[in-house]
Amino acid sequence: SLVGSEMCIRDRYKDAVFYQIYPRSFCDSNGDGIGDIQGIISKLDYLKDLGVTAVWLSPCYKSPNDDNGYDISNYRDIMDEFGTLDDWKEMIDGMHQRGIKLVMDLVVNHTSDEHEWFKQSRSSKDNPYRDYYIWRPGRGKNGKKPPNNWSSRFSGSAWEYDETTNEYYLHLFSKKQPDLNWDNPKVRQEVADICNYWFELGVDGFRCDVITYISKTEGLPNGKFNPIICGDEQFVIGPHYHEYIHELNQKAFSKYDSMTVGEGQGITVSNAESIVAEDREELDCIFTFEHQEADAFMTVIPKKFSLKKWKTIFSSWQALPDNCWNSLFIENHDYPRSLPRYGKLEYRKYVAKMLAICINFMKGTPYIYQGQEIGMTNIAGFKPKDYVDIVSKNIYKIAKFFPPLIPVVVWALQKRARDHARTPMQWNAEKNAGFTSGTPWMMVNPNYKKINVEEALADEDSILNFYKKINKFRLGNKIIKEGSYTELLHDNKKLFVYKRELGDKIYLVVCSYSSKCATFKVPEELKDLKSSLVISNYQSTPAVLQNTKILPYEAFVYELTK
Ligand code: NOJ
């Protein structure tokens, strides 16, 4: 449907609870070991029951799967392994009947090298599609050096030599993901056409993959030297970024009752307003990643979790001006599971519920990544041969050139590999966790007998039932949606404490990130207020606010009345 008033677009997703589906690993209906659309359809009642109101579906378009669908060879059709366009239509109808919106992944910084445009583009220098991609001659004597020093985010140079025309093409990800040339107006029109094609089929919005990389500095100059990754400053929020996104907004997003969420690499609190402020008419909101670095360096190098950093980052994002809106997430398909990153596994249920409280009482739209709602974990003792992700495989390949590095890399991958989040969804205690009747495309986490949906549904005290409670509670709650945010006790080394305030009501949120006991002293300003317990992950939490001993990973919320 077309949009009536611009004001209301924002409000619809401000109330949403999102669920991210990584279709390859969600549910397999036909026994080929790969999740598919009929599998998703079979779980729509589950999603409805969980209380989600929108789905972000990772790519389901035609793809040779070099990067599991983030390399698209046809934007207007469904991946063979996932089903047909008719299946997709049945799925979106099923979602809409249940009051669930569908947001698709829009991967348009690059295509697959098997996309027809690229096949044409590489065939000759004067092909009409040549300029759809970024081609340059090599540098140095005989042109044997790549055109500049940019590196691929997936390791190695960002340039691949192509014999046919004796030039290099740019790929900021794998060499099977050539970057589109957004400076070409035809490319921008194609992207708008793709969006409109899906809008016409009923889609409700897009999650825009690495969208901040689309505009490259003219002349493609070298990046500052960096031993790990080079070139960022030449294309992250590049010179024409705003112009191109505004154009796409005008040609597509704004014509429909839609929402867009951008993958916001390089966005900081200080430039966020320029990216998502309402009146810019660009993107509606963004995912930011600073909090994902509280236990890592450059995503892949593990370091000890810093609660202080975690609190500072979340609190700084909570302070965004009112014309911006946050996305709240702790897991997606690009990071290891939150368990055990932020708490010890022996306290799995407490940690998962604590994180659910901590994130969901903040201001913004929450996202649950498949399996997060049952507390799925990383795979313990993953072997190098078990890794299937292109990033893990590349890193391991590099290590094999320097054998002393192997143990370090094995250790780092055990903590950081994307594979951990991509193991099949654990539905029940039967073979392959009920994900497939065939051979799963990647290993199932051996803990599925204990951790699975069927078990969680039956257990009143499960993480799943806790999420259901929170999702219900959040819906339409004005304090969560609009209330101010203030962090308290910032220097406390074990507790993350904040309050949300609207009118005469306050939510006081207290979350322990420690496996040891802690003490909580009621802040002076809140002492004399009337209080009642809203939610807690322990039975023993007192019914009214008081100085108290906090148990490992305890979390609770009180409603206070002024
Ligand atoms: C971000 C996606 O989330 C990730 O999975 C993918 O590998 C890259 N973009 C490249 O498309």
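1. With respect to the overall build of the chain
Secondary structure summary: the chain contains 17 helices and 22 strands in total. Its C-alpha radius of gyration of 24 Å places the chain within 12% of the 24 Å reference for a compact globule of 562 residues. Expressed along its principal axes, the backbone C-alpha trace of the chain runs to roughly 75 × 55 × 50 Å. Within the chain, the proportion of its 562 residues that are buried is 60%. Residue pairs in contact within the chain that sit at least 24 positions apart in sequence constitute 69% of those at least 6 positions apart.

2. Digging into the nonpolar core
Ranked by internal contacts, the top residues of the largest apolar core, which has 147 residues, are Trp88, Phe206 and Tyr513. The greatest single-element share of this core, amounting to eight residues, is contributed by helix H11 (residues 348-360). The contact partners of tryptophan 88, leaving out residues within four places of it in the chain, are Ile37, Cys60, Ile78, Leu102, Met104, Trp198, Leu201 and Val203. If you look at the next biggest cluster of nonpolar residues, it comprises 16 residues, including Phe173, Leu220, Phe235 and Ile390.

3. Brief notes about helix H9 (residues 307-318)
For H9, built from twelve residues, the straight-helix expectation of 16 Å at 1.5 Å per residue is met to within 8% by its first-to-last C-alpha distance of 16 Å. Where H9 is concerned, the buried positions are Leu307, Trp310, Lys311, Ile313, Phe314, Ser315, Trp317 and Gln318. Buried residues belonging to H9 abut helix H8 (269-276), strand E11 (285-287), strand E14 (327-328), H11, strand E16 (484-488) and strand E17 (495-502).

4. What to know about the packing of helix H12 (residues 390-401) against helix H13 (residues 406-416)
It is at 9 Å that the axes of H12 and H13 come closest, and there the two elements cross at 165 degrees. As far as their axial angle goes, H13 and H12 are roughly antiparallel. For the crossing formed where H12 meets H13, the hand is right-handed. In this structure, H12 uses Ser392, Ile395, Tyr396, Ala399 and Lys400 to contact H13, whose residues at the interface are Ile406, Val409, Val410 and Leu413. For the contact of H12 with H13, the class distribution of residues is seven nonpolar, one polar and one charged.

5. Side note on the packing of aromatic side chains
Within this structure, the stated rule accounts for 46 aromatic pairs. Taken together, the ring pairs connect Tyr61, Tyr75, Trp88, Trp117, Tyr129, Tyr132, Tyr197 and Trp198 into an aromatic cluster. One cation-aromatic arrangement involves arginine 76 over tyrosine 197; the distance from NZ or CZ to the ring centre is 5.3 Å. Of note, arginine 130 hangs over the ring of tryptophan 135, and the distance from its end group to the ring centre comes to 3.9 Å.

6. A word on helix H6 (residues 185-200)
Given 3.6 residues to a turn, an α-helix orients residues that are three or four positions apart in the same direction. With 16 residues, H6 should cover 22 Å at 1.5 Å per step; its first-to-last C-alpha distance of 22 Å lies within 8% of that length. Among the residues making up H6, those that are buried are Val187, Arg188, Glu190, Val191, Ala192, Ile194, Cys195, Asn196, Trp198 and Phe199. A side-chain oxygen of the first residue of H6 lies 2.9 Å from the backbone nitrogen of lysine 186; this N-cap is asparagine 184. Taken from the residues just after H6, glycine 202 is the one with a positive phi, measuring 110 degrees.

7. Let's talk about the side chain of aspartate 209
Assignment of secondary structure puts aspartate 209 in the loop between strand E9 (205-208) and helix H7 (241-251). Excluding residues that lie within four positions of it along the chain, aspartate 209 makes contacts with Tyr70, Asp105, Leu106, Val107, His110 and Glu263.

8. Concerning a positive patch on the surface
Side chains of Lys175, Lys393, Lys397 and Lys400 sit close together on the surface and give a patch of like positive charge. Relative to the helices and strands, lysine 397 is located in helix H12.

9. Concerning the confidence of the model for the chain
When pLDDT is averaged along the chain, the result is 96; 98% of the residues meet or exceed 70. Every residue in residues 1-9 scores below 50 in pLDDT, and together they form eleven contacts with partners more than four places removed in sequence or on other chains.

10. Some remarks on the environment of lysine 224
Note that lysine 224 resides in the loop between E9 and H7. Setting aside residues up to four positions removed in sequence, lysine 224 forms contacts with Cys230 and Glu233.

11. Details of unusual backbone geometry
For the bond running from leucine 339 to proline 340, omega is 10 degrees, close enough to zero to count as cis. Secondary-structure assignment places proline 340 in helix H10 (residues 338-341). In the Ramachandran plot, leucine 220 falls in the positive-phi region, its phi being about 45 degrees despite a non-glycine side chain. Assessed through its relative accessible area of 9%, leucine 220 is described here as buried.

12. Some remarks on the site of the ligand
Asp67, His110, Asp209, His333 and Asp334 are the nearest of the 13 residues found near the ligand. The contact in question runs from an oxygen atom of the ligand to an N or O atom on the side chain of histidine 333, over 2.8 Å. Between aspartate 334 and the ligand, the recorded distance is 2.5 Å, taken from a side-chain N or O atom to an oxygen atom. In isolation the ligand has 300 Å² of accessible area, and contact with the protein removes 98% of it. Its residues placed into classes, the shell around the ligand shows four nonpolar, two polar and seven charged.

13. Digging into the sheet that holds E14
Across the sheet, which stays open at both edges, the eight strands sit in the order E11-E10-E9-E5-E2-E1-E15-E14 with parallel pairing between neighbours. The strands lining the two open edges of the sheet, one partner per strand, are E11 and E14. As paired elements, E14 and strand E15 (residues 365-369) share two bridges and run parallel to each other. Residue pairing for E15: serine 327 is matched across the bridge by threonine 365.

14. Looking at the pairing of strand E18 (residues 505-512)
By the criterion of burial, E18 is predominantly enclosed, with seven of the eight residues buried. Taking the residues that link successive antiparallel strands as the turn, the E17-E18 hairpin has two residues, and the phi of glycine 503 there is positive, at about 60 degrees. In this sheet, strand E22 (residues 555-561) lies alongside E18 in antiparallel orientation, the contact comprising seven bridges. Considered in E22, the bridge of lysine 505 is made with threonine 561.

15. Quick word on the pairing of E9
Side-chain alternation along E9 places Gly205 and Arg207 on one buried face and Phe206 and Cys208 on a second face that is also buried. Relative to E9, strand E5 (residues 101-106) runs parallel, the two sharing four bridges. When the bridges of E9 are listed, leucine 106 appears paired with cysteine 208. Here four bridges tie E9 to strand E10 (residues 259-263), and the two strands are oriented parallel to one another. What sits directly across from cysteine 208, in E10, is glycine 262. The handedness of the E9 to E10 crossover, carried by H7, is right-handed.

Criteria and cut-off values
- Per chain, residue numbering runs from 1 following the sequence as it is written.
- This being a predicted model, a pLDDT of at least 70 is required before a residue's local features are given, and a value of 80 or more before pairs of side-chain atoms are given or counted; all residues contribute to the totals for chains, interfaces and linings.
- In computing side-chain properties, one takes all heavy atoms of the structure into account and sets aside hydrogens as well as water.
- The secondary structure listing takes helices from DSSP runs of H or I that are at least 4 residues long and strands from runs of E that are at least 2 residues long, numbered from the N terminus.
- A radius of gyration in this sense is built from C-alpha atoms; the matching globule rule multiplies 2.2 Å by the number of residues raised to 0.38.
- Accessible area is worked out with a 1.4 Å probe on protein chains only. A residue is then buried under 20% of its type maximum, exposed over 50%, and partly exposed in between.
- Only heavy atoms enter the contact rule, under which two residues are in contact if any of them lie within 4.5 Å.
- In this text, buried Ala, Val, Leu, Ile, Met, Phe, Trp, Tyr and Cys residues form a nonpolar core when linked through side-chain atoms within 4.5 Å.
- An expected span of 1.5 Å times one less than the residue number is assigned to each helix.
- Fitting a line to C-alpha atoms yields each axis, with helices limited to the stretch in contact; the angle taken between N-to-C directions then spans 0 to 180 degrees.
- By definition in this entry, angles of less than 35 degrees are roughly parallel, angles greater than 145 are roughly antiparallel, angles of 65 to 115 are roughly perpendicular, and the rest are oblique.
- Should the near helix be turned counterclockwise from the far one by less than a right angle, the crossing is left-handed, whereas a clockwise turn marks it as right-handed.
- Ten residues, namely Ala, Val, Leu, Ile, Met, Phe, Trp, Tyr, Cys and Pro, are considered nonpolar, four, namely Asp, Glu, Lys and Arg, are considered charged, and the remaining ones, Gly among them, are considered polar.
- Here a Phe, Tyr or Trp ring, Trp counted by its six-membered ring, pairs with any other such ring whose centre lies within 6.5 Å, and the pair is stacked when the planes are under 30 degrees apart, edge-to-face when over 60, and tilted otherwise.
- Counting as a charge over the ring demands two things of the Lys NZ or Arg CZ atom: a distance within 6 Å of the ring centre and an angle within 35 degrees of the ring normal.
- Two N or O atoms count as a polar contact when they lie within 3.5 Å, although within protein this holds only if one can serve as hydrogen donor and the other as acceptor, and sequence-adjacent residues are included solely when both atoms are side-chain atoms.
- For patch building, the residue pool is restricted to those with more than 30% relative accessible area and no salt bridge; the joining distance is 9 Å between like charges and 5 Å between nonpolar side chains (Val, Leu, Ile, Met, Phe, Trp, Tyr).
- Reported accessibility uses the Shrake-Rupley method at a 1.4 Å probe radius. Residues are deemed covered only where the shown protein chains occlude them.
- One speaks of a salt bridge when a side-chain nitrogen belonging to Lys or Arg is within 4 Å of a carboxyl oxygen belonging to Asp or Glu.
- In this charge count, Lys and Arg are treated as positive and Asp and Glu as negative; neither His nor the chain ends contribute.
- All charge positions are set by atom: Lys at NZ, Arg at CZ, Asp at CG, Glu at CD.
- Each residue gets a pLDDT score, which is the predictor's confidence in that residue and runs from 0 to 100.
- Near is defined per residue: the residue qualifies when any heavy atom it owns lies within 4 Å of the molecule or strand.
- One requirement defines pairing of two strands: DSSP has to find at least two bridges between them.
- Here the term right-handed applies to a crossover when the path leading from its first strand over the helix to its second strand runs clockwise, the strands being oriented away from the viewer.

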